[in-house]
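# Summary of structural features
The residues making up each chain are set out below.
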Amino acid sequence: MLAYIVRRLLFLPVVLLALALLVFSLSMLLTPTQRLALYCPDPSHMKGGIEHARALIELYGLDDPFYAQFGRWMGNIIRGNLGWSASASMPVGRALIELLPATAELALLALVPLVLGGIWLGTKAATHHNGIIDHSIRVFTILGWSFPDYVFGLIALMVFYGWLGWFPSGRLSQWAVLEVASGGFRAYTGMNIADAILNGNGRVLLDALRHLVLPVITLSYVWWAALVRIMRSSMLETLHQDYVQTARAKGLRERVVQNRHARRNALLPATTMAGIIAAHLMGGLVITETVFDYYGLGQFAARAAQNLDFPAVLGFALYFAVILVVVNLVVDVLYACLDPRVRLE
Amino acid sequence: MKTLKYLLRNPLSLMGTVLLLCFIAIGGLAPVLTERQPYQTSPYEMPRDGFWQRPQGPSASHIFGTTQGQYDIFYGVVWGTRTAFKIGLGVVVIGAVVGTIVGSIGVFYGGLLGEVLMRAVDVFMSFPFLIAAMVITTILGKGLYQMMIALISFSWMEYARLIRSEIVHIKEMEYVQAARASGVGDLRLILRHILPNSFFPVLVQASMNTGSMVLTAAALSFLGVGTEPGYADWGQLISMARNWIVGTPGNPFAYWYTLVYPGLAIFLFVLAWNLVGDALRDILDPRFRGAPRV
């Protein structure tokens, strides 16, 4: 198994290199002047005027052949310098590290109702196959699957923020932002909930939770269908296996048969799906973060893309690729642990 | 025929089919349903009744009201149907064709070329889709076709993978060996013998993806990198509604119409495709065909 893990991880640098090449090729679709303009929007306002722009293109080698520019760029990245993000006004590496906790907090919190609820709903649908419960669950999830997250989020804001005033948008209230930034509050993880608990600060904890309720509900609802659908069909399949019939024939109670015998094995395909969902959530919740004005990696990446901030786009893409590979690997290993028939080779 | 029967028998897929037909009717009848203004340079340009920011509620002349900038919501929703069909079908059909070609070449010729193509699929797949589409649309500039190019460039891979796994199986089947033994050429073998037998999964996937492509396109518009301002497009109408979700004091839902009508349109459109796609999968996917009934 160790050899398998190492081999999978060795493949990672190849993907990262290819991704870098892809992003760099995208940036080369622009002319040297356009690429200069990404950093100084109006060269005629520069000290040296338009003439100076020419000199800058020369200085930074924006006119060099493709391989020379790519080599220089890669050289910097390999030395750990991901470049400067113009849209976030800070180095890309620092932006990724600072924003990761925000996205991780939201993603991890959303995974709890998503996975638990998804498994529960999927099992219920399968055990009541073709009954009223099954149909209701199918309708409920397919409605969620068709709901655009931005529409669902905006409606949720309209009701719970505009009308009831219960759950505001943003990540923290103004006073809480000041409190978190103050000297008395130590940031251990950067995740507000964890930090508030570690600091024993109930007020900040409550405020952070209030801001997380709507995005978590939105994410759960629009993603449930994927998990419920897989859980349902795998549970249906398992319920018809011979060993489940045997368990029934032994006279075990139906609850025990369903929960102990069938569901455990039916969980396997759902594990894969949960992994895929987890990778997507960790990979930035562009829309959800934008709708709820929650500043995390998703909004960072969206701003970078709109402003053609290529170093930031690449930084984000590399981060996403790492997450994908790691999460897939974790799922594979978990799968092998759960199912002894699977051998990783 | 059997497919059609199933579509009409199951209540959920019947609903999907009916919804889809309604949208086709709305899109087809768009010039009849709406009135064109003399100053419009294209029917896809939403007419506006002034330049005020504040949306105006439904009235006799604007039955769905006007949104930010006084664009007529009814006109936008009706013509947006055509935009949605263009995006959904255009992106999915071209993406599926490109993916099928790449996938077939990749598996049929195997070797180094196939390996390189399939690794390219891996790399494209590990690029965050929405961000990639945003970058390309930003480079190409706002517009419907630019957006479609962006969506196609990062959505063909799924079909390539799917067709590859299908062909790997079919390639080894006896009838293919027989055809090859009787001297059928490569191209003919692929086009006449292999593809027709491996195309159903792609078709199912494509119908499932049509709705989600429209969702993603609207998301691009929502994020501000979609169609040109004023273009009849549901995503743009929703993004205009974003500034008005908090109503006036005493009336929290004062501007509900700016969000509800375009939101409902896109929701029902995606729902229709999902229901139809789901039914198609049940019919065509052999793994679900003989599913045990309790």
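### Here's the deal with the overall build of chain B
A count of helical and extended segments in chain B gives 13 helices and zero strands. Written out in order from the N terminus, the α and β elements of chain B read α-α-α-α-α-α-α-α-α-α-α-α-α. Counting across all 294 residues of chain B, residues that qualify as buried make up 44%. For chain B, the share of sequence-separated contacts (at least 6 apart) that also reach a separation of at least 24 residues comes to 68%.

### As for the overall build of chain A
Of the regular secondary structure elements, chain A holds 15 helices and two strands. A principal-axis box enclosing the C-alpha atoms of chain A has dimensions of 90 × 55 × 40 Å. The burial tally for chain A puts 39% of its 345 residues in the buried class. Of all intrachain contacts in chain A linking residues separated by at least 6 positions in sequence, the fraction that spans at least 24 positions is 72%.

### Describing unusual backbone geometry
Residue and element names in this part refer to chain A. With a phi angle near 50 degrees, Asp 293 is a residue other than glycine that sits in the positive phi range. Mapped onto the fold, Asp 293 is located in the loop between α13 (286-291) and α14 (297-306). We classify Asp 293 as partly exposed; it has 13 C-beta atoms within 10 Å. Its identity is not glycine, yet Leu 308 carries a phi of approximately 50 degrees, on the positive side. Note that Leu 308 resides in the loop between α14 and α15 (310-338).

### Describing the nonpolar core
Ranked by internal contacts, the top residues of the largest apolar core, which has 171 residues, are Leu 227, Val 313 and Phe 316 of chain A together with Ile 131, Met 134, Leu 151 and Val 214 of chain B. With near-sequence residues (within four places) excluded, Ile 131 of chain B lies in contact with Val 286, Ala 301, Ala 305, Val 313 and Phe 316 of chain A.

### Quick word on the interface of chain A and chain B
Between chain A and chain B, the residue contacts involve 40 residues of the former and 37 residues of the latter. Of all the elements in the fold, those that place two or more residues in the side of chain A that touches chain B are α1 (2-27), α6 (132-146), α7 (149-163), α13, α14 and α15 of chain A. In terms of residue count, α7 of chain A provides more of the side of chain A that touches chain B than any other element does, nine residues in total. Partitioning the side of chain A that touches chain B into residue classes produces 31 nonpolar, nine polar and no charged.

### Points about the environment of Gly 122 of chain A
Residues and elements named next belong to chain A. In this fold, Gly 122 is placed in helix α5 (residues 92-127). In this structure Gly 122 comes out as buried when scored by C-beta crowding, with 28 C-beta atoms within 10 Å. For Gly 122 and Ile 137, which are 15 residues apart along the polypeptide, the C-alpha to C-alpha distance reads 8.1 Å. Not counting residues within four places of it along the chain, the set of residues in contact with Gly 122 comprises Leu 227, Val 228, Met 231, Arg 232, Met 235 and Ala 270.

### Here we look at the confidence of the model for chain B
Any residue range with low pLDDT should be treated as having predicted coordinates unsuitable for detailed reading. Residue and element names in this part refer to chain B. Looking at chain B as a whole, its pLDDT mean stands at 84, while 95% of the residues score no less than 70. Within chain B, the lowest mean pLDDT, 50, falls on helix α13 (residues 286-289), and the highest, 92, falls on helix α7 (residues 144-153). Segment residues 288-294: pLDDT under 50, and five contacts once partners within four positions in sequence are set aside and those in other chains are kept. Interface confidence for the predicted complex, expressed as ipTM, amounts to 0.82; the pTM equals 0.85.

### Points about helix α11 (residues 242-249) of chain A
The periodicity of an α-helix, 3.6 residues per turn, causes residues three or four positions apart to be oriented the same way. For α11 of chain A, the tally of buried residues reaches only zero of eight residues, placing the bulk of the element at the surface. Phi turns positive one or two residues past the end of α11 of chain A, at Gly 251 of chain A, with a value near 95 degrees.

### Here's the deal with the packing of helix α8 (residues 157-171) of chain B against helix α10 (residues 186-222) of chain B
All names here are of chain B. Interhelical geometry of α8 versus α10 gives an angle of 145 degrees and a closest axis separation of 9 Å. Between α8 and α10 lies a crossing whose hand is right-handed. Where α8 abuts α10, its residues Glu 158, Tyr 159, Leu 162, Ile 163, Glu 166, Ile 167, Ile 170 and Lys 171 lie against Ile 194, Asn 197, Ser 198, Pro 201, Val 202 and Gln 205. Here the residues of the contact of α8 with α10 are counted per class, giving eight nonpolar, three polar and three charged.

### Considerations on the packing of α11 of chain A against helix α12 (residues 254-282) of chain A
Residues and elements named next belong to chain A. The contact between α11 and α12 brings their axes to 10 Å, and the two run at 150 degrees. With respect to α12, the element α11 is oriented roughly antiparallel. α12 is crossed by α11, and the crossing has right-handed handedness. Together, Tyr 243, Val 244, Ala 247 and Arg 248 of α11 and Val 257, His 261 and Ala 262 of α12 make up the contact between the two elements. For the contact of α11 with α12, a count of residues per class yields five nonpolar, one polar and one charged.

### Quick word on the environment of Ala 88 of chain A
All names here are of chain A. When you line up the elements, Ala 88 lands in the loop between β1 (84-85) and β2 (90-91). The sequence separation of Ala 88 and Ala 305 amounts to 217 residues, and the corresponding C-alpha distance is 11 Å. In this structure Ala 88 touches Ala 95, Phe 300 and Ala 312, once residues within four positions along its chain are discounted.

### A look at the confidence of the model for chain A
Averaged over every residue, the pLDDT of chain A is 84; the share at 70 or more is 95%. Across chain A, α5 of chain A holds the top mean pLDDT of 90, while helix α3 (residues 50-59) of chain A sits lowest at 74.

### Notes on the environment of Leu 259 of chain B
If you trace the backbone, Leu 259 of chain B turns up in helix α12 (residues 256-284). In this structure Leu 259 of chain B comes out as buried when scored by C-beta crowding, with 26 C-beta atoms within 10 Å. Along the sequence, Leu 259 of chain B and Ala 218 of chain B sit 41 residues apart, while their C-alpha atoms lie 13 Å from each other. Leu 259 of chain B has contacts with Leu 154, Ile 155 and Met 158 of chain A together with Ile 238, Ala 241 and Ile 245 of chain B, leaving out every residue within four places of it along the chain.

Rules used in this analysis
- Residues numbered from 1 in each chain as written.
- Chains lettered and ligands numbered in written order.
- Predicted model: local features only at pLDDT ≥ 70, side-chain atom pairs only at ≥ 80, totals over all residues.
- Helix = DSSP H or I, 4+ residues; strand = E, 2+ residues; numbered from the N terminus.
- Buried ≥ 20, exposed ≤ 12 C-beta atoms within 10 Å, placed from the backbone.
- Contact = placed C-beta atoms within 7 Å.
- Core = buried A, V, L, I, M, F, W, Y, C linked by C-beta atoms within 7 Å.
- Nonpolar A, V, L, I, M, F, W, Y, C, P; charged D, E, K, R; others polar.
- pLDDT = per-residue confidence, 0-100.
- Axes fitted to C-alpha atoms, helices over the stretch in contact; angles between N-to-C directions.
- Left-handed = near helix turned anticlockwise from the far one by under 90°.
- Parallel < 35°, antiparallel > 145°, perpendicular 65-115°, else oblique.

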